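Chains, contacts and geometry: an overview
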Amino acid sequence: MQFSQYQDNEGSLDLYNYQAKSPFSQKHLLSLQDYSSDEICQVLSLGLKLKNQQRNRIPHKLLEGKILAMIFAKSSTRTRVSFEVGMTQLGGTPLFLSSSDIQLGRGETIADTARVLSRYVDGIMIRTYKQSDVEELAKHGSVPVINALTDLLHPCQALADMMTIYEAKGDWKGKKLAFLGDGNNMAHSLMIACSKLGMDFSIGCPEGYEPDEEITAMAKQNALSRGSSLEITHNPEKAAEKADVVYTDVWSSMGQESESEERKKAFAPYQVNSSLFALAKSDAIFLHCLPAQRGEEVTADIIDGPHSLVFDQAENRLHVQKAVLALLMK
Ligand code: CP
Ligand code: NVA
């Protein structure tokens with residue numbers, strides 16, 4: 001499979017045809033592990049086309065009249081805004097639902113919420129704590145469900161990241177992504193995305209903060225079949241060495257605020273600063289899903305420096321999620 005097979009002449013782009021003829025058979029986006037490399041490439045390719053359309057102000061109302069419910073049990077800037085804007089640009093309507101304002105927050109079951117929302121809307125996006133809640137929603141509803149972050153995974157962000165890497169480096173194969181910090185939701189989704197697309201992945205994390213064993217085993221299997229490598233090390237220098245992409249995320253994720261002091265101590269040697277970044281390739285790029293804590297996981301000179309593409313990454317959330325929406329809700 002070649003990513004280039006999905007690239008066509010932008011001038012002859014027929015998005016409506018592309019969407020209708022797409023062999024895409026996924027019903028939901030719960031984890032990128034459910035997607036083949038080919039399906040990930042289809043999403044990324046459509047995302048790049050939609051970015052081009054949006055940049056040129058060419059209308060692409062692929063979801064005219066469709067409605068997306070967006071359930072948030074955690075805070076968000078990028079996810080909320082990019083999904084709302086994206087759905088609107090596609091001609092549909094986003095519906096923001098804070099979980100504390102709907103009956104879900106008072107104990108109505110996920111299953112009943114799924115059944116009820118499926119009678120009103122054409123798709124559901126959810127940001128919550130437990131991955132099993134997202135799976136439960138998909139199981140009991142009859143419309144596509146999109147995982148917009150759980151404690152375990154953040155697939156939409158990893159898609160935007162792979163798109164950003166493609167734009168900067170032209171390919172994933174033979175490139176290395178170094179993730180410095182916590183074996184968290186971001187590390188998990190990146191590990192899956194890299195291993196599916198044949199990119200080498202190395203995480204440098206403190207002892208006791210390694211990625212989930214089940215996710216690691218799946219990613220190792222993916223990497224084996226794609227001929228790429230996957231490394232977990234406690235040595236930050238080894239992880240960063242000769243990396244094409246250096247990535248980090250907050251040391252305390254949403255819901256872990258009470259662990260913040262002990263985490264600051266454990267993660268200090270993994271801070272992405274100029275001396276650690278210098279171990280990466282000279283043309284390495286810096287990525288961060290944001291929000292960032294300058295002075296903790298990354299120093300200001302790196303995140304605000306010339307190698308940083310963090311705002312392209314944030315922009316790409318919009319374009320790649322529009323592709324996900326268009327393919328799942330068509
Ligand atoms: N990266 C990301 O998901 O950001 P938000 O928490 O602002 O949505
Ligand atoms: N790991 C972070 C990602 C935020 C987008 C968190 O879960 O808070």
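Just above sits the structure.
One structure accompanies this document, and this report is about it. Only a predicted model underlies this, so the values are computations on that prediction, with no experimental measurement involved.

With that out of the way, let us pick up the packing of aromatic side chains. Two descriptors summarise a pair of aromatic rings, namely the distance from one centre to the other and the angle between the planes of the rings. All told, the structure shown has six aromatic pairs when counted by the stated rule. Between F24 and Y35, the ring centres sit 5.6 Å apart and the planes meet at 65°, which makes this aromatic pair edge-to-face. Here Y35 lies in the loop between α1 (15–21) and α2 (37–55) and F24 lies in the loop between α1 and α2, a separation of eleven residues in the sequence. You'll find F24 and Y35 in the same group, each marked buried. Members of the aromatic cluster, joined through ring pairs, are Y209, W251 and F267. Between K74 and the ring centre of Y129, over which it is positioned, the NZ or CZ distance is 4.6 Å.

Contacts to ligand 2 come from L149, H154, N184, N185, D249, V250, S253, M254 and L290. Between ligand 2 and the protein, one listed contact pairs an oxygen atom with a side-chain N or O atom of N185 at 2.8 Å. Contacts to ligand 2 include M254, whose backbone N or O atom sits 2.8 Å from an oxygen atom. For the shell around ligand 2, the residue count by class is four nonpolar, four polar and one charged.

The subject of this paragraph is helix α3 (residues 78–89). Helix length check: α3, at twelve residues, gives a terminal C-alpha distance of 16 Å against a target of 16 Å (1.5 Å per residue), a fit within 8%. Taken together, the buried positions of α3 are occupied by T79, S82, F83, G86, M87 and Q89. Down the axis of α3, the buried set is contained in an arc of 160°. They therefore lie on one face.

Moving on, we get to the packing of helix α7 (residues 185–196) against helix α8 (residues 213–226). Relative orientation of the contacting elements α7 and α8 amounts to 15°, with a least axis distance of 8 Å. Taken as axis vectors, α7 and α8 run roughly parallel relative to one another. By crossing handedness, the relation of α7 to α8 is classed as left-handed. Contacts between α7 and α8 pair H188, M191, I192, S195 and K196 from the former with I215, T216, A219, N222, A223 and R226 from the latter. Counted by class, the contact of α7 with α8 contains five nonpolar, four polar and two charged residues.

A few words on the pairing of strand β1 (residues 67–72). With respect to burial, β1 is a largely interior element, five of its six residues being buried. Relative to strand β2 (residues 93–98), β1 runs parallel, the two sharing six bridges. In the sheet register, F72 faces β2, and the bridge partner there is S98. The parallel pair β1 and β2, bridged by α3, forms a crossover whose chirality is right-handed. Two elements, β1 and strand β3 (residues 123–127), share five bridges in a ladder whose sense is parallel. Considered in β3, the bridge of I71 is made with I126.

Another point: the site of ligand 1. Contacts to ligand 1 come from S76, T77, R78, T79, R127, H154, Q157, C289, L290 and R317. Summarising the interface, the protein chains cover 96% of the accessible area of ligand 1, which totals 250 Å² for the free molecule. Partitioned by chemical class, the residues of the shell around ligand 1 number two nonpolar, five polar and three charged.

Criteria and thresholds
- Residues numbered from 1 in each chain as written.
- Chains lettered and ligands numbered in written order.
- Predicted model: local features only at pLDDT ≥ 70, side-chain atom pairs only at ≥ 80, totals over all residues.
- Heavy atoms only, no water.
- Phe/Tyr/Trp six-rings, centres within 6.5 Å; stacked < 30°, edge-to-face > 60°.
- Helix = DSSP H or I, 4+ residues; strand = E, 2+ residues; numbered from the N terminus.
- Buried < 20%, exposed > 50% of the residue type's maximum accessible area, 1.4 Å probe, protein only.
- Lys NZ or Arg CZ within 6 Å of the ring centre and 35° of its normal.
- Near = heavy atom within 4 Å.
- Polar contact = N/O pair within 3.5 Å; in protein donor to acceptor, adjacent residues only side chain to side chain.
- Nonpolar A, V, L, I, M, F, W, Y, C, P; charged D, E, K, R; others polar.
- Expected span 1.5 Å × (residues − 1).
- Arc of directions from axis to C-beta.
- Axes fitted to C-alpha atoms, helices over the stretch in contact; angles between N-to-C directions.
- Parallel < 35°, antiparallel > 145°, perpendicular 65-115°, else oblique.
- Left-handed = near helix turned anticlockwise from the far one by under 90°.
- Contact = heavy atoms within 4.5 Å.
- Pairing = 2+ DSSP bridges.
- Right-handed = clockwise from strand over helix to strand, strands pointing away.
- Areas by Shrake-Rupley, 256 points an atom, 1.4 Å probe, with all protein chains shown as cover.

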